[in-house]
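Residue-level structural notes
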Amino acid sequence: MAPPLMERSTNWYLPSAPMVYAVISDPRTVDNPDMPSYQPYVHGMYDPPALIPLQMMGVNLNVDCYVDTAIIVVSGTWRIHCVMGSRSCDCLIAVPMGNQGSILGVEVDLPTKSYVTELIGEQESKGIGKIARPEDGGFLKPHIFTLTIPQIDGGTNISIKIRWSQMLSYNAGRFSLTVPFCFPEYVTPAIKKISKKEKIELNVNSGVANGISCKATSHPLKEIRRHEGKFSFLYEAEIFKWSNTDFRFSYSVSSGNIFGGILLQSLYDYDQSDMFCIYLFPGSEQNRKVFKKEVVFVVDISESMQGRPLESTKSAISAALSKLSPEDSFNIIAFSNEAFQFSTSMELASKDAIERATAWISMKYTVGGSTNLFIPLEKAADMLSNTRGSIPMIFLVTDGSVEDERNICHWMQKRLTNQGVLCPSIHTFGIGSFCNHYFLRMLAMIGRGEYGAAFDLDSIEVQMNKLFSKGLSTVLANITIDAFDDCEEIEVYSSRIPDLSLESPLTIYGRYQGSFPDNLKVKGILGDLSSFTMDLKIRRAKDIPLDSVLARRQIDLLTAQAWFSENKRLEEKVAKLSIQTCNISEYTRMTLLEKNIMKHFGAWKKKGDPQKIVESGPPEMILLQRLSVGFGDQIATAENIRPGSQEPELPEVAKIFIKTTSNYFGGICNRCCCMGCIRCCSKMNNQCATTLTQLCTALACIGCLHCCSESCCPNQDD
């Protein structure tokens, strides 16, 4: 049920499933393409254009899960039901993605054309003359990808295939996945006789876990296959209306103890080497002893953090402090161009100390001036330099980018190398698009820590809580793999192996040439400071595409290393990997290829002969706007511009969604319930139902035309 009008946030209007919209600039083009209906006399053009959600004729969801990653494909057919057959309009595809989603590609098939996205190198992109407008392709929100397909005739059926990847959530030995699959009621065709088929296929291959079991699903899936460590489910049905809930499922890989394994894959690509992946699972033993901790929170309070960024950070730190044990110790350093300490030394996490720290951080306000990261990081490292019998941690939170980031990485790398066994782990968190996320990722890699980010103000507290919980629940530290130090043929992508957290499995991956070692041992230190050793079993991953599963993580990690080392060869390696796996990177650009096609039967066509589809002429390439996050904005940081105050790249698209749907609900719902009118139409004859439904559904979505609803349905009783 829709929330009351006054309680709706702008997020409520955003798509909650893959959607396609007719982009309407001229309201005179709106009509039923099959059966011309009444049109009111209208004037003017819409600027920005209004969006009419297209009716969906069929949808397939395919989910392939490999260990902690899902590859998702949605295929569907939409019909331009709201534009007269003699006119055309642009169509906007919107793809909401779940946890850490990454778009992999879009394919569109029309009767006479086809479109497909493709990644190309930076140098190659410079020769493309046709460049798309910012609103024609990009990210409306960090998790919503949009793409405009130009000028499609009214009445056309559009076949679309969308691919993206998502990370599975993990908690206490259970993996969970949520795929946006909640379709609004108004995309269901109003004519009941139209066949509506919905299909969901789920395949799970755990990779290294044998005793897995499916725990819960949101849709009525039927098991069709089960083998050791993997299973498949299927749901297929004729339905009256589309799925009105996200697709959710979870499966258990529960084990009381730490366990893991090695996957090997032979690749035939640019690198002439094979791939390995090591997975370590923390197990679900809740009473396992976690480390005694010494924690320093380093928090940016420069003027740009004013408002929600700082308030969300304060709430997350307060929640993290409440999770500390009395034997743990902590401190807080707030900084802008200078540093402010909660205490001159580390404090035991007593109830009184936590209350004082919570009050201290809650009273902190933003401070003008520049952002200086080195001073607070140096103070934090000094505080933790004499740690004994506990694990030292630094949590850094910032929304800015500074000039000396590479120097900070070099300094921290040298300091941690000389500090001994339990040197501080560094966890970093970036807010917004102005900070250099690759610097923060590199700093976390150097410090054996985790990196987190929130590009959207609404997600800051949630994502920060996840990072704090992950870091504070470390169960295995100082991890080493014995064979890695002795074999020059093995390349590990992470220079230092992160610690293992109770909140998440650990993935270690890289490339190797020749034969992989037969025996590998993983070693580390447990929470009681005892030594840990475990043999890892090797398995050939013939049915797991490691290159696709790990592609997003490889690209991000190698890009951070390329930035840090300023290595052009590494940049080229990232670009090749990006193009090969269809994952966006800093060194590639996305294009939209338009191909004209024609159906050809040959000289002598006989009844039943198959059509042969051929291309007519070379494809046209359109260069989309840059989709990657970039390497920070030092100018915006120096000017203390707040995250979210300047919408990156796509300000108008966001306004389109909000303006269109706001007009729809504000101008229509108080006069005539659109969906109520659709239900009434089911009692009328087909022609009347089609006309009235089309009018109220399509025109209502263009808020300025609500006069039509008044003339058709002055009140709900008629």
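The sections below set out a description of the structure shown in this document. Here the structure is a predicted model, which means the values were calculated and not measured.

Side note on the packing of aromatic side chains
Inspection of every chain in the model, using the stated rule, returns 25 aromatic pairs. For the ring pair Phe 139 and Phe 145, a centre distance of 5.6 Å and an interplane angle of 65 degrees mean the geometry is edge-to-face. The class for Phe 145 is buried, based on a relative accessible area of 1%. Arranged with centres 6.1 Å apart and planes meeting at 85 degrees, the rings of Phe 231 and Tyr 251 form a pair that is edge-to-face. Here Tyr 251 lies in strand 17 (residues 247-252) and Phe 231 lies in strand 16 (residues 230-238), a separation of 20 residues in the sequence. Accessibility classification places Phe 231 together with Tyr 251 in one group, the buried group. Counting every residue linked through ring pairs, the aromatic cluster contains Tyr 170, Phe 175, Phe 231, Phe 233, Phe 247, Phe 249, Tyr 251, Phe 259, Tyr 279 and Phe 281. Over the aromatic face of Tyr 365 sits the side chain of Lys 314, whose NZ or CZ is 5.5 Å from the ring centroid.

Regarding the sheet that holds strand 8 (residues 137-141)
Taken in spatial order, the five strands line up as 2-1-5-9-8 in an open sheet, and their pairing is antiparallel. The strands lining the two open edges of the sheet, one partner per strand, are strand 2 (50-53) and strand 8. Neighbour to neighbour, the strand axes of the sheet diverge by 35 degrees on average, direction disregarded. In this structure, strand 1 (residues 19-24) lies alongside strand 5 (residues 88-96), joined through five bridges in antiparallel fashion. Among the inter-strand pairings, Ala 22 is bridged to a residue of strand 5, identified as Cys 91.

What about the sheet that holds strand 30 (residues 506-512)?
What the five strands build is an open sheet, ordered 28-30-19-18-33; its pairing is mixed. Each having just a single partner strand, strand 28 (490-492) and strand 33 (538-540) make up the two edges of the open sheet. Shown here is a sheet whose adjacent strand axes are inclined to one another by a mean of 25 degrees, direction ignored. Contacting strand 19 (274-281) and strand 30, helix 9 (residues 551-565) crosses the sheet at an angle of about 75 degrees to strand 30.

Observations regarding the nonpolar core
Formed by 137 residues in total, the largest nonpolar core has its most connected members in Val 63 and Phe 247. In this view, Val 63 contacts Ala 70, Ile 71, Ile 72, Leu 177, Val 179, Glu 201, Leu 202, Asn 203 and Phe 247; residues no more than four positions away in its chain are not counted. Counting residues in hydrophobic clusters, the runner-up holds 36 residues, among them Phe 291, Met 464, Leu 472 and Ile 525.

Re the pairing of strand 6 (residues 102-109)
In terms of burial, strand 6 is a largely internal element, six of the eight residues being buried. Strand direction decides the pairing type here: strand 6 and strand 10 (residues 157-167), joined by seven bridges, are antiparallel. Residue Asp 109 lies in a different strand from strand 10, and its bridge partner there is Ser 159. Sheet analysis places strand 6 next to strand 7 (residues 113-121), joined by three bridges and oriented antiparallel. Its bridge partner lying in strand 7, Val 108 is registered against Tyr 115. In sequence, strand 6 turns back onto strand 7 through a hairpin of three residues.

Re unusual backbone geometry
Backbone geometry places Val 67, a non-glycine residue, at a positive phi of 55 degrees. Within the element layout of this structure, Val 67 appears in the loop between strand 3 (55-66) and strand 4 (69-79).

Some points on helix 10 (residues 568-581)
For helix 10, which comprises 14 residues, the first-to-last C-alpha distance of 20 Å matches the rise-based estimate of 20 Å (1.5 Å per residue) to within 8%. Along helix 10, the positions that sit buried rather than exposed are Leu 570, Glu 571, Lys 573, Val 574, Ala 575, Leu 577, Ser 578 and Thr 581. Of the residues that open helix 10, the one with a side-chain oxygen 2.9 Å from the backbone nitrogen of Arg 569 is Asn 567. Trailing helix 10 by a residue or two, Cys 582 shows a phi angle of about 65 degrees, which is positive.

Observations concerning the environment of Leu 373
Mapped onto the secondary structure, Leu 373 falls in the loop between helix 3 (351-362) and helix 4 (374-383). For Leu 373, a relative accessible area of 1% translates into the label buried. Here the alpha-carbon distance between Leu 373 and Asn 337, two residues 36 residues apart in the chain, equals 8.2 Å. For Leu 373, the contacting residues outside a window of four places in its chain are Phe 335, Leu 396, Val 402, Ile 408 and Phe 439.

Focus on the pairing of strand 2
Burial of the side chains of strand 2 extends over both faces: Ala 50 and Ile 52 are buried on one face and Leu 51 and Pro 53 on the other. With four bridges connecting them, strand 1 and strand 2 associate as antiparallel partners. Of the residues in strand 2, the one forming a bridge with Tyr 21 is Pro 53.

Thoughts on the side chain of Ser 494
Of note, Ser 494 is situated in the loop between strand 28 and strand 29 (500-501). Among the polar contacts made by the side chain of Ser 494, one reaches the main-chain carbonyl oxygen of Arg 496 at a distance of 2.7 Å. Apart from the residues lying within four places of it in its own chain, the contact partners of Ser 494 are Met 445, Leu 557 and Gln 561.

Basis of the calculations
Residues numbered from 1 in each chain as written. Predicted model: local features only at pLDDT ≥ 70, side-chain atom pairs only at ≥ 80, totals over all residues. Heavy atoms only, no water. Phe/Tyr/Trp six-rings, centres within 6.5 Å; stacked < 30°, edge-to-face > 60°. Buried < 20%, exposed > 50% of the residue type's maximum accessible area, 1.4 Å probe, protein only. Helix = DSSP H or I, 4+ residues; strand = E, 2+ residues; numbered from the N terminus. Lys NZ or Arg CZ within 6 Å of the ring centre and 35° of its normal. Pairing = 2+ DSSP bridges. Axes fitted to C-alpha atoms, helices over the stretch in contact; angles between N-to-C directions. Contact = heavy atoms within 4.5 Å. Core = buried A, V, L, I, M, F, W, Y, C linked by side-chain atoms within 4.5 Å. Expected span 1.5 Å × (residues − 1). Polar contact = N/O pair within 3.5 Å; in protein donor to acceptor, adjacent residues only side chain to side chain.

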